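Chain by chain, the residues run as shown.
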Amino acid sequence: MEFAIGLWIVRLAFLALLYGFLARAFTALLGALTIESAEAARPAGIAYLVAPSGERLPLRAVSAIGRAPGADVVLRDDAASSRHALLTFDDGEWWVEDQASRNGTLLNGVPAHGRARLAYGDVLTIGRSTLRLEQA
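Here's a quick rundown of the structure. Since the structure is predicted, the reported quantities are computational estimates derived from the model, not experimental observations.

Reading the values: the criteria
- Residues numbered from 1 in each chain as written.
- Predicted model: local features only at pLDDT ≥ 70, side-chain atom pairs only at ≥ 80, totals over all residues.
- Heavy atoms only, no water.
- Helix = DSSP H or I, 4+ residues; strand = E, 2+ residues; numbered from the N terminus.
- Rg over C-alpha atoms; globule rule 2.2 N^0.38 Å.
- Buried < 20%, exposed > 50% of the residue type's maximum accessible area, 1.4 Å probe, protein only.
- Core = buried A, V, L, I, M, F, W, Y, C linked by side-chain atoms within 4.5 Å.
- Contact = heavy atoms within 4.5 Å.
- Phe/Tyr/Trp six-rings, centres within 6.5 Å; stacked < 30°, edge-to-face > 60°.
- Lys NZ or Arg CZ within 6 Å of the ring centre and 35° of its normal.
- Pairing = 2+ DSSP bridges.

1. Concerning the overall build of the protein chain
(1) Moving on: The secondary structure content of the protein chain amounts to one helix and eleven strands.
(2) Moving on: The order of α-helices and β-strands along the protein chain, N terminus first, is α-β-β-β-β-β-β-β-β-β-β-β.
(3) Moving on: Against the 2.2 N^0.38 benchmark of 14 Å for 136 residues, the protein chain shows a C-alpha radius of gyration of 27 Å, more extended than a compact globule.
(4) Moving on: Sorting the 136 residues of the protein chain into buried and exposed places 30% on the buried side.

Rendered as structure tokens:
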């Protein structure tokens with residue numbers, strides 16, 4: 001009889017530990033989901049390219065610009081190459097690099113050769129499109 005009572009006590013202790021573990025796991029999951037939903041509510045990009053029409057195109061840390069549907073920033077401009085330029089955010093600074101495009105990339109009206117540094121407010125000309133870099 002004492003053995004049966006001891007076995008029930010062990011079973012109840014095991015169930016208490018199991019439910020405690022599950023409660024902690026669900027609490028951690030709920031916390032992670034709350035953080036994710038708060039991050040999802042923030043703006044999509046870390047910066048924006050702004051077109052003259054006022055359209056804001058979000059940028060990621062590495063963003064490809066061009067006509068191709070797979071580009072991060074898709075331009076509807078026949079003078080732009082399918083993969084025209086690459087914008088990267090590195091060590092707190094923005095950089096633009098022309099990707100051997102047919103018409104080149106202009107930075108504030110000057111051809112960008114190699115990797116050129118961008119500042120907020122600078123204007124990129126890609127094909128016939130002009131885009132201004134703005135902070136998020």
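On we go from here.
2. Comments concerning the nonpolar core
(1) Moving on: Leu49, Leu59, Leu87, Val96 and Leu118 are the most contacted members of the largest nonpolar core, which has 21 residues in total.
(2) Moving on: In contact with Leu59, not counting residues within four places along its chain, are Gly45, Ile46, Ala47, Tyr48, Leu49, Val73, Leu87, Trp94 and Leu133.

3. What to know about the packing of aromatic side chains
The description of an aromatic ring pair rests on the distance of the ring centres and on the angle between the ring planes.
(1) Moving on: In total, this model carries one aromatic pair according to the counting rule given.
(2) Moving on: With a centroid separation of 5.0 Å and 50° between ring planes, the pair formed by Phe89 and Trp94 is classed as tilted.
(3) Moving on: Classification of Phe89 by relative accessible area gives partly exposed; the value is 34%.
(4) Moving on: Assessed through its relative accessible area of 2%, Trp94 is described here as buried.
(5) Moving on: Taking the ring centre of Trp8 as reference, the NZ or CZ of Arg11 above it sits at 5.2 Å.
(6) Moving on: We note Arg56 situated over the ring of Tyr48; from NZ or CZ to the ring centre the distance is 4.1 Å.

4. Thoughts on the sheet that holds strand S9 (residues 115–118)
(1) Moving on: Strands sit in the order S4-S3-S5-S6-S9 across an open sheet of five strands; the sheet is mixed. Each having just a single partner strand, strand S4 (73–74) and S9 make up the two edges of the open sheet.
(2) Moving on: Of the strand pairs in this sheet, strand S3 (residues 62–66) and strand S5 (residues 85–90) are connected by four bridges, and their pairing is antiparallel. Bridging from a neighbouring strand, Ala64 pairs with Leu86 of S5.

5. Section: unusual backbone geometry
Most peptide bonds take the trans form, and the phi angle of most residues other than glycine is negative.
(1) Moving on: Positive phi, close to 55°, is recorded for Asp91, a residue that is not glycine.
(2) Moving on: Tracing the backbone through its elements, the reader meets Asp91 in the loop between S5 and strand S6 (93–98).

6. Notes on the sheet that holds strand S2 (residues 56–59)
(1) Moving on: Pairing is antiparallel across the open sheet formed by six strands, whose spatial order is S2-S1-S11-S10-S7-S8. Where the open sheet ends on each side, the last strands, each with one partner, are S2 and strand S8 (110–111).

7. Observations regarding the pairing of strand S1 (residues 47–50)
(1) Moving on: Of the two faces of S1, both are covered, the one formed by Ala47 and Leu49 as well as the one formed by Tyr48 and Val50.
(2) Moving on: Pairing geometry for S1 and S2, over four bridges, is antiparallel. Residue Val50 lies in a different strand from S2, and its bridge partner there is Arg56.
(3) Moving on: Adjacent in sequence and paired antiparallel, S1 and S2 are bridged by five residues, among which Gly54 carries a positive phi angle near 95°.
(4) Moving on: When S1 meets strand S11 (residues 129–135), the two strands line up antiparallel, connected through four bridges.

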